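Structural overview
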Amino acid sequence: EIDAAGPEVSRLTNELLSTVSGGRFAVSLVTLQEASGGRKQREVFDLRVLDGEREHAGIAFDRMSIGEQCLVGEALKLAIAVHNTRRSGRELRTLYRDEGDRDLDPERRAAYPAMLRRAMELGGFTRCYLISHSPEVWAQADAVVRVDGGRAWIER
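The numbers attached to residues start from 1 for each chain and follow its sequence in the written order. Owing to the predicted nature of the model, reporting of local features is limited to residues with pLDDT of at least 70; listing and counting of side-chain atom pairs is limited to 80 or more, with chain, interface and lining totals taken over all residues. The basis for every side-chain value is the complete set of non-hydrogen atoms in the structure, without hydrogens or water.

1. As for the nonpolar core
The definition of a nonpolar core used throughout is a set of buried Ala, Val, Leu, Ile, Met, Phe, Trp, Tyr and Cys residues joined through side-chain atoms within 4.5 Å. Each residue is assigned to one of three classes by its accessible area relative to the maximum for its type, calculated with a 1.4 Å probe on protein chains only: buried under 20%, partly exposed between the two thresholds, exposed over 50%. With 30 residues, the main nonpolar core has Leu-16, Leu-17, Phe-25, Val-49, Val-72, Leu-78 and Met-115 as its most contacted residues. Secondary structure elements are taken from DSSP: a helix is a run of H or I of four residues or more, a strand is a run of E of two residues or more, and numbering for both begins at the N terminus. Secondary-structure elements contributing two or more residues to this core are helix H1 (2-21), strand E1 (25-34), helix H2 (66-88) and helix H3 (106-123). It is H2 that provides the largest number of residues to this core, a total of 8 residues.

2. Here's the deal with the environment of Arg-42
Along the chain, the position of Arg-42 falls in strand E2 (residues 41-51). A C-alpha to C-alpha distance of 5.6 Å links Arg-42 and Leu-32, two positions 10 residues apart in sequence. Contacts are residue-level and defined by heavy atoms, with any inter-residue pair within 4.5 Å sufficient. Here Arg-42 is in contact with Thr-31, Leu-32, Gln-33, Glu-34 and Ala-35, once residues within four sequence places are set aside.

3. Side note on the layout of surface pockets
Empty space among the atoms becomes visible once a probe the size of a water molecule is rolled across them. Lining residues are those with an atom within 4 Å of a point, where the points come from a 1 Å grid over the protein atoms alone and group into cavities, where a 1.4 Å probe fits but cannot get out, or pockets, open sets with protein on both sides within 12 Å along at least five of seven lines. Grid points are joined across faces, edges and corners, and a volume is the space filled by probe spheres set on the points. Considered as a void within the structure, the largest pocket measures approximately 780 Å³ in volume. Taken together, 25 residues make up the lining of the largest pocket; nearest its centre are Cys-128, Leu-130, Ala-141, Ala-143 and Val-144. Broken down by secondary-structure element, the contributors of at least two residues to the lining of the largest pocket are strand E3 (94-98), H3, strand E4 (127-131), helix H4 (135-138) and strand E5 (144-148). The leading source of residues in the lining of the largest pocket is E4, at 5 residues. Looking at side-chain class alone, the lining of the largest pocket contains 16 nonpolar, 4 polar and 5 charged residues. For this classification, the nonpolar set comprises Ala, Val, Leu, Ile, Met, Phe, Trp, Tyr, Cys and Pro, the charged set comprises Asp, Glu, Lys and Arg, and every other residue, Gly included, is treated as polar.

4. Side note on H3
How far a helix is expected to stretch is found by multiplying one less than its residue total by 1.5 Å. With 18 residues, H3 extends 26 Å between its outermost C-alpha atoms, agreeing within 8% with the 26 Å of an ideal straight helix rising 1.5 Å per residue. In H3, a bend of some 30° at Tyr-112 exceeds every other bend along the element, and Pro-113, a proline, comes one to four places later. Every buried residue of H3 is listed here: Arg-108, Arg-109, Ala-111, Tyr-112, Pro-113, Met-115, Leu-116, Ala-119, Met-120, Leu-122 and Gly-123. Pairing of N or O atoms within 3.5 Å defines a polar contact, subject to two protein rules: one partner must be a possible hydrogen donor and the other a possible acceptor, and residues neighboring in sequence count only if both atoms are side-chain atoms. A distance of 3.1 Å separates the backbone nitrogen of Glu-107 from a side-chain oxygen at the start of H3, and that oxygen is part of Asp-105. The angle between axes fitted to the seven residues ending at a residue and the seven residues starting there is what we call the bend at that residue.

5. Here's the deal with a nonpolar patch on the surface
Surface patches are drawn from residues lacking salt bridges whose relative accessible area is over 30%; two like charges belong together within 9 Å, two nonpolar side chains (Val, Leu, Ile, Met, Phe, Trp, Tyr) within 5 Å. Per-residue and other accessible areas follow the Shrake-Rupley method at a 1.4 Å probe size, with only the shown protein chains counted as cover for residues. A carboxyl oxygen of Asp or Glu within 4 Å of a side-chain nitrogen of Lys or Arg is what we treat as a salt bridge. A surface patch of nonpolar side chains, amounting to about 340 Å² of accessible area, comprises Val-145, Val-147 and Ile-154. Within the element layout of this structure, Val-145 appears in strand E5.

Here it is, written out as structure tokens:
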């Protein structure tokens, strides 16, 4: 199942990344690896990131900046959500995100809602509830729920 998910999750992640990175980042998921102990292969789910601005072909996820990790990680999480929704056989209509834009730079933070909207299209979601502290993100929301002093109200 992991091996079968790899190509679709990679494709979805790359499609979502393209909405915010302008093609700078691309990922591939390695799902099989040579194993020790006489076994030929074992299942893994390793992420490989290609960065069009760096000279080498790939970079380890843990060697990326916090903002780059946030961007790639959020695209991967959304791609897994879309993949799981498609495979579930159920109509899952709501996507939830909690501060997925927290570590993005201002330019990518402003583009983040486009990635969420694309994930909604790909997964057939009709709504997305997002917690964000970023005015750049709020400005693109269909509605904003404000919470302050024990009160909550909807704007827009």
